[in-house]
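Residues per chain, in single letters:
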Amino acid sequence: MVERVRNNSLEACEHKITPLRSATSERIRVVFLLFYFEAWDSLSEIHREMLADDRFEVTVISIPRKLTGELTYGGEKAVHKFLKKAGVKHLRFDFEDSNVGLDKLQDLKPDYI
């Protein structure tokens, strides 16, 4: 059962993440797929806390977006520029064929996206 966590702090949700994983020495792989960079401030604290915690392996990926009213996907370059300026290490997924990105995402074997 998943409970809603009101606090974005890693400390507040730590006990909710740990039981979902089998007891191994592997790090918990978390991927942030970012297309709406305007909301990064809502993720940046948890991202920073996960990076500082050895239990997590964190990957951020910039991807194209298609917001309401837009006809095509695009804008990955703007997401990349934002993340670069913010000093966030990230991968860029802007493939003509979205299945290529899906394959690469699956290769990362994330526990959480």
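Conventions adopted
- Residues numbered from 1 in each chain as written.
- Predicted model: local features only at pLDDT ≥ 70, side-chain atom pairs only at ≥ 80, totals over all residues.
- Heavy atoms only, no water.
- Helix = DSSP H or I, 4+ residues; strand = E, 2+ residues; numbered from the N terminus.
- Buried < 20%, exposed > 50% of the residue type's maximum accessible area, 1.4 Å probe, protein only.
- Contact = heavy atoms within 4.5 Å.
- Areas by Shrake-Rupley, 256 points an atom, 1.4 Å probe, with all protein chains shown as cover.
- Pairing = 2+ DSSP bridges.
- Right-handed = clockwise from strand over helix to strand, strands pointing away.
- Core = buried A, V, L, I, M, F, W, Y, C linked by side-chain atoms within 4.5 Å.

Participant: How do you make sense of the overall build of the protein chain when you look at a structure like this?
Facilitator: A tally of helices and strands in the protein chain yields four helices and three strands. Reading the protein chain from its N terminus to its C terminus gives the helix and strand order α-β-α-β-α-β-α. The 113 residues of the protein chain split such that 30% are buried. The contacts in the protein chain between residues at least 6 apart in sequence include a share of 64% that link residues at least 24 apart. Carbon and sulfur atoms make up 52% of the accessible area of the protein chain, which amounts to about 8400 Å² in all.

Participant: What's the story with the environment of D94 in this structure? I'm lost.
Facilitator: Examined against the element boundaries, D94 turns out to sit in the loop between strand 3 (91-92) and helix 4 (98-108). Looking at D94, the relative accessible area reads 46%, which means it is partly exposed. As for D94 and I63, which are separated by 31 residues in sequence, their C-alpha atoms are 5.9 Å apart. Those residues in contact with D94 that lie beyond four places of it in its chain are P64 and E76.

Participant: Please explain the pairing of strand 1 (residues 28-34) as it appears in this structure.
Facilitator: Along any regular strand, the residues point their side chains to alternate faces of the sheet. In terms of burial, strand 1 is largely enclosed, as five of its seven residues are buried. Looking at chain direction, strand 1 and strand 2 (residues 56-62) are connected through seven bridges and run parallel. In the sheet register, R29 faces strand 2, and the bridge partner there is E57. In the classification by handedness, the crossover that spans strand 1, the intervening helix 2 (residues 44-52) and the parallel strand 2 is right-handed.

Participant: Looking at this model, I keep getting lost on the nonpolar core. Mind explaining?
Facilitator: One recurring pattern in soluble globular proteins: nonpolar side chains tend to sit buried together. In this structure, V30, F32, L34, M50, F56, V60 and L83 are the most contacted members of the largest nonpolar core, which totals 14 residues. Secondary-structure elements contributing two or more residues to this core are strand 1, helix 2, strand 2 and helix 3 (76-85). If you tally residues by element for this core, the top one is strand 1, at four residues. Core analysis: the second largest hydrophobic core is formed by five residues, I61, I63, F93 and L105 among them.

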